Amino acid sequence: MELRVKELCKEKGMQMQELADKLGITRVTLTRNISGNPTISTLENIANALGVSVTELFIPSQRDTLVCPRCGAVLEVKEKE
């Protein structure tokens, strides 16, 4: 199962290195954690650092919404009529 850590970082306006620094680990360790088989504790730490729930690390984002990287507001995208 693929985690959405990179996508969530982008939505939050955060680089992977910044997330690693916030977690107190190297970027390489973070990459290994998210591409391997992370523990629940690791998932909780990553989720907390990103300000999301653990389940949001797995749930694909909706294609008709965007998240503002500055304020975190969820914006609905509609097709032009």
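Scoring rules and cut-offs
Residues numbered from 1 in each chain as written. Predicted model: local features only at pLDDT ≥ 70, side-chain atom pairs only at ≥ 80, totals over all residues. Heavy atoms only, no water. Salt bridge = Lys/Arg side-chain N within 4 Å of Asp/Glu carboxyl O. Buried < 20%, exposed > 50% of the residue type's maximum accessible area, 1.4 Å probe, protein only. Core = buried A, V, L, I, M, F, W, Y, C linked by side-chain atoms within 4.5 Å. Helix = DSSP H or I, 4+ residues; strand = E, 2+ residues; numbered from the N terminus. Contact = heavy atoms within 4.5 Å.

Novice: Tell me what's going on with the pattern of salt bridges, and back it up with residues and numbers.
Specialist: One pass over the structure, following the stated rule, counts two salt bridges. The salt bridge involving Arg4 is made with Glu7; its shortest N-O contact spans 3.2 Å. The salt bridge partner of Arg4 is Glu11, with a shortest N-O separation of 3.3 Å. For Arg4, a relative accessible area of 10% translates into the label buried. Judged by its relative accessible area of 17%, Glu11 falls in the buried class. In this structure, a network of salt bridges that share partners links the residues Arg4, Glu7 and Glu11.

Novice: Tell me about the nonpolar core, and name the residues and values.
Specialist: Within the largest apolar cluster, 17 residues are counted, with the highest numbers of intra-cluster contacts made by Val5, Leu19, Ile46, Leu50 and Leu57. Only α1 (5–12), α2 (16–23), α3 (27–35) and α4 (40–50) provide two or more residues apiece to this core. If you tally residues by element for this core, the top one is α4, at five residues. Not counting residues within four places of it along the chain, the set of residues in contact with Val5 comprises Met16, Leu19, Ile34, Ile46, Leu50 and Leu57.

Novice: Go over the environment of Ile59, please, and point to the residues and values.
Specialist: Within the secondary structure, Ile59 sits in the loop between α4 and β1 (65–67). Judged by relative accessible area, which is 47%, Ile59 ranks as partly exposed. Along the sequence, Ile59 and Arg4 sit 55 residues apart, while their C-alpha atoms lie 7.7 Å from each other.

It is worth stressing that arrangement in space is one thing and function is another; only the former is reported here.
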